[in-house]
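# Per-entry structural report
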Amino acid sequence: MIEFERYKLENGLTVILHHDPTTPMAVVNTLYDVGARDENEQKTGFAHLFEHLMFGGSINVGDFDQELQKAGGESNAFTSNDLTNYYEIIPANNIETALWLESDRMLSLAFTEKSLEVQKNVVIEEFKQRYLNQPYGDVWLELRPLAYQKHPYKWATIGKDIAHIENAVMQDVKDFFKKYYCPANAILCISGNFDAPEIKALVEKYYGSIPGGLKPARLLPLEPEQKNFREKSIDRDVPADAFYYAFKMSERKNIGYYLGDFLSDAIGKDQSSLLNITLKKEKGLVSEINAFITGSHDHGLFLISGKLSDGIDFETLDSALWEKLNEIKESGFTERKLNSLKNKLSTAKAFQEQGLLNRSISLSLFELLGDANGINEEIEIYNQIENNDILRFAQSILKKENCSLLKINKSK
Amino acid sequence: MNRKTAPKTNKIDAISFITPEVFELNEQTSLLWMAKVPNETTRIDLYFNAGLRNGKNAIVSMTSSMLLSGTTSMKSTEIHSRLDDLGAFFDIGLSHEGVMISLYALKKNMLEAFKVLFDSIQNASFPEDEFEEIKAEKIQNFKINMNRVSVLAQRSFQQHIYHGTKYAELSEEIDLQSTKQIDLISFHQKYYQKGLFKIAIVGALNENHIEDIKRLIEPHIISESLSFLKTFCNKPGEFHIEKKDAVQTAIRVGKTLFNKKHEDFLDMSILSTILGDYFGSRLMKNIREDKGYTYGIGTAIAETGGSGYFLIGSEVGSNHLKATLVEIKKEMLTLQQEKVSSNELQLVKNHLLGQLLKMSDGPYAMMDLFLSVESYQMSTAFYNSYIERIHEIDAETIMQTAQKYLNWNEMSVISAG
């Protein structure tokens, strides 16, 4: 059980306090409800570029990192299609420094043209390092627009084109900040060893006077229901043929998210998962096969991906895979298998919650979904899953007309 | 409120380190137990003298990948299903000097899970079909990796750092192809069945459980003492590996150094941090935050049982290779010629103390800190002297350390792209 206290400041900022007396550290986690899905289609990659700029100086502080490091702290951030998250890890007795810094960049940014130019270059190098200069690195740049036709999930967080990053100008940055970086659109979670009344006073001191702003309404184009199988085949200079089956599934708040997570573990998480045993070990069709979900807040994807063994063609894999998926749709899993999956989830969760940072991020994510206490409820949701639930879920999503298939052909 | 002024900060003067209980199993083998854990999680790490230095790389690495691939009485799928039933998971790490297998489980399941894991390791039979499967997988991974500039640079760097020693050996596709099942069986016999040299347990297990574990492992502990490669010297100079059409070039710069037993280790760690081991470091500030040549650049000191080396690593836009090397050289020279300002030095000191505090957060972290000194027959007193050293080191000493260890012409400079 993760204990926490939650309240709102008058300006709309949501505050979560999680007290842990066993650690000498503290974490200040700030989540903004803005991600790549909120971008203009002509200016993609912007939420992520903006995350880099947040370290470029704020109205009263010239060098964010330097001030934090002086207090023995460190910081990082990540952007997804759904949200942007910043955190500071700092000795508990210097927590005020993190609040000072994080509140100042919520108040107002003050970076230069030079900092914008440099961060554009840094992000372009990140684009190259992660997506262009790796074997199979550009898969998501190809798969997203195949699986999504209308919804902004059709572009990746890094952006759909380097040119969009190159073309970003200062006014874009200012508009973005004004719209999304206000207290009403943020969740602040403070974890660690602190005195609650003291920390509340500090939060009020640093955040209370920031103008609240309006939480921006989110009106995204809806993705129409997929009615036909889609397929795309591309050639790349890679040593093995690869496949990505992407099935549409429900949004994060739906029970379908948990069923998808559970089913993907069952068929493709590790060596004892079904597809590993049948398609890899027994039939030798693939050298690796995995299943996982994107966990997106709007309609997500359920993926089965892998690489073909030498000498095996896509058609052979395809028919063997569908045969297995149809078996699952018919009979599901044994009681023993369901229990072992539940046991593994419990162990994994216990280890994740060892870390103060993990707890802080999870509390913030669940609060964004509607209730931070979700962190204490999810294991029970998994534990209640029965074979019938899995059957119903598998039958509803593992259908050809609900699938987009990306094939990567190796260079001959 | 004055937002322009930073709040007052507090200093870190001391950290109280918790150490595990140590049971000597024989002269070179010990069992370490950190029993005080405030939750249900447990972890067991097993260390075998089965690292790359003991055989051909391909054989050593395939053996470590096949430890849970079946015994004469259990097939691999059964081993994995039994661990799954207990909600346990594991990972296997391989280095030049050993193999570490970590098992994670909740307290109530740990002893059972450990029995399954340990039995599988000790009685591994390396079945033919599993062997062919692992071989095909390794070959495919090898081919994929050879398309990464970071891997190409790292391989060449390893050759230059460990020049002329066993540690410089690289495996090629042909080595994987020609490896035979019998090679694995004899390697396993020699280095696993009598090769356990350390076991580290974190978790609030019963005393009885610990006794059971001791009994299980006893027949398999190592009897001869371990000795590690003590002297190696890198081959200096600039070397480039061409990879057509790469949009980024990987860089590795480094030289032979030492491990924490050396008297200059602490000073060198602090110097390495200033140069490249935190977000505000000289290299990050210059090459990422000023020039935008890279997404990241960093330094590290890697330790081996008998020695160690210093390393700078980055991936930069292919058109920025030359300029980046010029800047790295310049930053090293600046540290040799100019004293760091008191502001920067103070900042780095505070940063390092904060990092150390973070690294001592909780029983798992404490065990890891302990392990990283215990391997060198040192105690956690090392960390107290580190804290002292951080407080007392001055700019003059940093400059002298740079003059001693950051000479460009002693470096192996590798690029791939």
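Predicted, not measured: the structure shown is a model, and the values here were computed from it.

### Describing the side chain of Lys329 of chain A
All names here are of chain A. Inspection of the secondary structure assignment puts Lys329 in helix α11 (residues 314–331). In this structure Lys329 is buried but unpaired, with Glu401 as the nearest side chain of opposite charge at 7.4 Å. Those residues in contact with Lys329 that lie beyond four places of it in its chain are Leu391, Ala394, Gln395, Leu398 and Lys399.

### Brief notes about the pairing of strand β11 (residues 412–416) of chain B
Within a regular strand, side chains alternate between the sheet's two faces. Residues and elements named next belong to chain B. Counting buried positions along β11 yields five of five residues, so the element is predominantly enclosed. With burial as the criterion, each face of β11 is covered, one bearing Ser412, Ile414 and Ala416 and the other bearing Val413 and Ser415. In this sheet, β11 lies alongside strand β8 (residues 248–256) in antiparallel orientation, the contact comprising five bridges. Directly across from Gly254, in β11, lies its bridge partner Ser412.

### Side note on the nonpolar core
Core analysis: the biggest nonpolar cluster contains 74 residues, and Met268, Phe310, Ile312, Ile328 and Leu406 of chain B have the highest contact counts within it. For Ile328 of chain B, the residues in contact, after removing those within four places along its chain, are Leu283, Ile287, Ile297, Ile312 and Trp408 of chain B. Of all hydrophobic cores here, the second largest spans 57 residues; its members include Val61, Ile124, Ala156 and Ile165 of chain A.

### A word on the domain arrangement of chain B
Residue and element names in this part refer to chain B. We note that the domain assignment places domain 1 (21–220) and domain 2 (237–416) within chain B. One C-alpha centre belongs to domain 1, the other to domain 2, and the line joining them spans 30 Å. In this complex, domain 1 contributes 30 residues to the contact, which on the side of domain 2 involves 30 residues. At the surface where domain 1 touches domain 2, the tally comes to two salt bridges. Residues Glu374 and Lys198 are paired through a salt bridge, measuring 2.8 Å at the closest nitrogen-oxygen approach. At the boundary of domain 1 with domain 2, the tally comes to seven residue pairs in polar contact (both at pLDDT 80 or more).

### Some remarks on helix α12 (residues 335–352) of chain A
Here α12 of chain A is 18 residues long and its end C-alpha atoms lie 26 Å apart, about the 26 Å a rise of 1.5 Å per residue gives. Every buried residue of α12 of chain A is listed here: Lys337, Leu338, Ser340, Leu341, Lys342, Lys344, Leu345, Thr347, Lys349 and Phe351 of chain A.

### Some thoughts on the pattern of salt bridges
A complete count under the given rule lists 62 salt bridges over all chains for this structure. Taking the shortest distance from any N to any O, the salt bridge between Glu5 of chain A and Lys200 of chain A comes out at 2.4 Å. Note that Glu5 of chain A is positioned in strand β1 (residues 5–8) and Lys200 of chain A in helix α8 (residues 196–207), a separation of 195 residues in sequence. A salt bridge links Glu410 of chain B to Lys255 of chain B, with the shortest nitrogen-to-oxygen separation between them at 3.0 Å. Highlighted residues: Glu410 of chain B in the loop between α15 (395–405) and β11 and Lys255 of chain B in strand β8, separated in sequence by 155 residues.

### A short note on the sheet that holds strand β4 (residues 74–79) of chain A
All names here are of chain A. In spatial order, the strands read β1-β2-β6-β3-β5-β4; together these six strands make up an open sheet with mixed pairing. Looking at strand neighbours, the two that pair on one side only are β1 and β4, the edges of this open sheet. The average undirected angle you get between the axes of adjacent strands in this sheet is 15°. Where strand β3 (residues 25–32) lies against strand β5 (residues 84–91), eight bridges are found, and the strand directions are antiparallel. Counterpart to Val27 in the pairing with β5 is Ile89. Sheet contacts for helix α3 (residues 95–107): β3, β4, β5 and β6 (186–192); angle to β5, the most-contacted strand, approximately 155°.

About the cut-offs
- Residues numbered from 1 in each chain as written.
- Chains lettered and ligands numbered in written order.
- Predicted model: local features only at pLDDT ≥ 70, side-chain atom pairs only at ≥ 80, totals over all residues.
- Heavy atoms only, no water.
- Helix = DSSP H or I, 4+ residues; strand = E, 2+ residues; numbered from the N terminus.
- Buried < 20%, exposed > 50% of the residue type's maximum accessible area, 1.4 Å probe, protein only.
- Lys, Arg positive; Asp, Glu negative; His and termini not counted.
- Salt bridge = Lys/Arg side-chain N within 4 Å of Asp/Glu carboxyl O.
- Contact = heavy atoms within 4.5 Å.
- Pairing = 2+ DSSP bridges.
- Core = buried A, V, L, I, M, F, W, Y, C linked by side-chain atoms within 4.5 Å.
- Domains from an automatic or database assignment.
- Polar contact = N/O pair within 3.5 Å; in protein donor to acceptor, adjacent residues only side chain to side chain.
- Expected span 1.5 Å × (residues − 1).
- Axes fitted to C-alpha atoms, helices over the stretch in contact; angles between N-to-C directions.

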